[in-house]
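# Summary of structural features
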Amino acid sequence: MDQVIGIDLGGTFIKAGLVDRSGQLLSQHKVATRGREFDQVCDQIAEVVREISGPDQLLPACIAVPGGICPDKETISQAPNFPRWNHVKLVSALRNRGLSQVQIENDANLAALGESWLGRGRDFEHMVLFTLGTGVGGGVILNRQIWNGTFGMAGELGHIPIYPEGLLCGCGGSGCLEQYASATALIRAAKAAQSRGLCPLLRSSSGDADFDVRDMADAARAGDADCQALFAAAGQALGIAIAGLLNAMNFPFFAIGGGVSPAFDLLQGAIWREVKGRAFRQPAQGVIIQAAELGNQAGFLGAARLAFLNKVTG
Ligand SMILES: [Zn+2]
């Protein structure tokens, strides 16, 4: 089979791509996620696969899931966007709907695999992707494949401890990267700064009451030094995490994706300051750190790659 379907399951949209073995995107699809109930979403995924496959046999599919995947690679342990999904068996539910060639993986891991396959990561055997969004996630690619770790939870890069006495985190720890480099953290820090009379150029451009990270970036680029400092603080935390990974593993390439990545230009000065200051000279000079390239296609492209790698043949 030389075509597969990569699917990115989100709380708002299901995005999908028909992809060939060379990585060419043959068609692209996007539908609103119909609900939060497990059976409803399974029905919809099966519909998407049928529609893209056409009238002949169903194509192999891989689904990028926004949540934890159990080591059996069939069960979702939990998914924040789908609050009632606790240990739901997605693979068998889809098999019961006629999809014999189907697999699942965490969405951030698959975004990393997508960047490794078709982004700048294609130049490297190993890489790390950070996704800076509502939270901070990511994926670790070793030998062009996802590193899941012995316990199946590798890639939780948002919970790398940065500051020992730092902000409490939803994971139960404190000082985690996510509390400093996520969009949520940036907005929280900007609101606190505004309440102290700082960030004079920061305002919402969308007409909403609340500003977003893009508004913060606009203000920073327009010369708002307070907004620049907020991005520098996020970049500092990210740079500390990268320096640690670099010293431990000597990865040649780090990509920064997610909703904050269009502001990479505002992060990179602080990132490099930490990397040069903390990592050994040779890896610090050789490493490439840049914004991810595939945007919101990374998840389903990575899913397609995994479908080819694992040769789901039913
Ligand atoms: Zn944490």
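Residues numbered from 1 in each chain as written. Predicted model: local features only at pLDDT ≥ 70, side-chain atom pairs only at ≥ 80, totals over all residues. Heavy atoms only, no water.

Each donor-metal-donor angle would ideally measure 109.5 degrees in four-coordinate tetrahedral geometry, or 90 or 180 degrees in six-coordinate octahedral geometry. Coordination of the zinc ion by the protein comes from His159 (ND1), Cys169 (SG), Cys171 (SG) and Cys176 (SG), over a distance range of 2.0 to 2.3 Å. Relative to the metal, the four donor atoms surrounding the zinc ion lie at angles of 103 to 121°, and the coordination shape comes out tetrahedral. Spacing between the donor residues of the zinc ion along the chain follows H-x9-C-x1-C-x4-C. Highlighted residues: His159 in the loop between β11 (145–146) and α4 (178–181) and Cys169 in the loop between β11 and α4, separated in sequence by ten residues. Using a relative accessible area of 26% as the deciding quantity, one classes His159 as partly exposed. (Donors = N, O, S within 2.8 Å, 3.2 Å for Na, K, Ca; no water. Tetrahedral: all angles 85-135°; square planar, octahedral: opposite > 155°, others 65-115°. Helix = DSSP H or I, 4+ residues; strand = E, 2+ residues; numbered from the N terminus. Buried < 20%, exposed > 50% of the residue type's maximum accessible area, 1.4 Å probe, protein only.)

Another aspect to go through is the domain arrangement of the chain. Along its sequence, the chain is organised into domain 1 (3–107 + 297–309) and domain 2 (120–293). Between the C-alpha centres of domain 1 and domain 2 there is a distance of 28 Å. At the junction of the two partners, domain 1 supplies five residues and domain 2 supplies six residues. Put simply, domain 1 and domain 2 have zero salt bridges between them. Taken together, domain 1 and domain 2 are joined by two residue pairs in polar contact (both at pLDDT 80 or more). (Domains from an automatic or database assignment. Contact = heavy atoms within 4.5 Å. Salt bridge = Lys/Arg side-chain N within 4 Å of Asp/Glu carboxyl O. Polar contact = N/O pair within 3.5 Å; in protein donor to acceptor, adjacent residues only side chain to side chain.)

Attention now moves to the packing of aromatic side chains. The full count for this structure, using the stated rule, is seven aromatic pairs. Summarising the aromatic geometry, the rings of Phe82 and Trp85 are spaced 4.2 Å apart at their centres and angled 20° between planes, so their arrangement reads as stacked. A residue is classified by how much of its surface remains accessible, and Phe82, at 0% relative accessible area, is buried. Accessibility expressed as a relative area gives 1% for Trp85, which makes it buried. With a centroid separation of 6.0 Å and an interplanar angle of 80°, the aromatic rings of Phe251 and Phe254 are classed as edge-to-face. Each member of the pair, Phe251 together with Phe254, is buried. Three or more aromatic residues joined by ring pairs make a cluster, and in this case those are Phe38, Phe82 and Trp85. Above the ring of Phe82, the side-chain terminus of Arg36 is found at 5.5 Å from the ring centroid. (Phe/Tyr/Trp six-rings, centres within 6.5 Å; stacked < 30°, edge-to-face > 60°. Lys NZ or Arg CZ within 6 Å of the ring centre and 35° of its normal.)

With respect to the element layout, Leu309 can be found in helix α10 (residues 298–309). Since its relative accessible area comes to 28%, Leu309 is described here as partly exposed. Taking the C-alpha atoms as reference points, Leu309 and Gln145, separated by 164 residues in sequence, lie 8.6 Å from one another. Discounting residues that sit within four places of it in the chain, Leu309 has contacts with Leu113, Arg144 and Gln145.

This paragraph deals with the environment of Gly257. With respect to the helices and strands, Gly257 occurs in strand β12 (residues 253–257). With relative accessibility at 5%, the residue Gly257 sits in the buried group. Taking the C-alpha atoms as reference points, Gly257 and Leu18, separated by 239 residues in sequence, lie 22 Å from one another. Ignoring anything within four residues of it in the chain, the contact list for Gly257 reads Leu129, Phe130, Thr131, Leu132 and Ala292.

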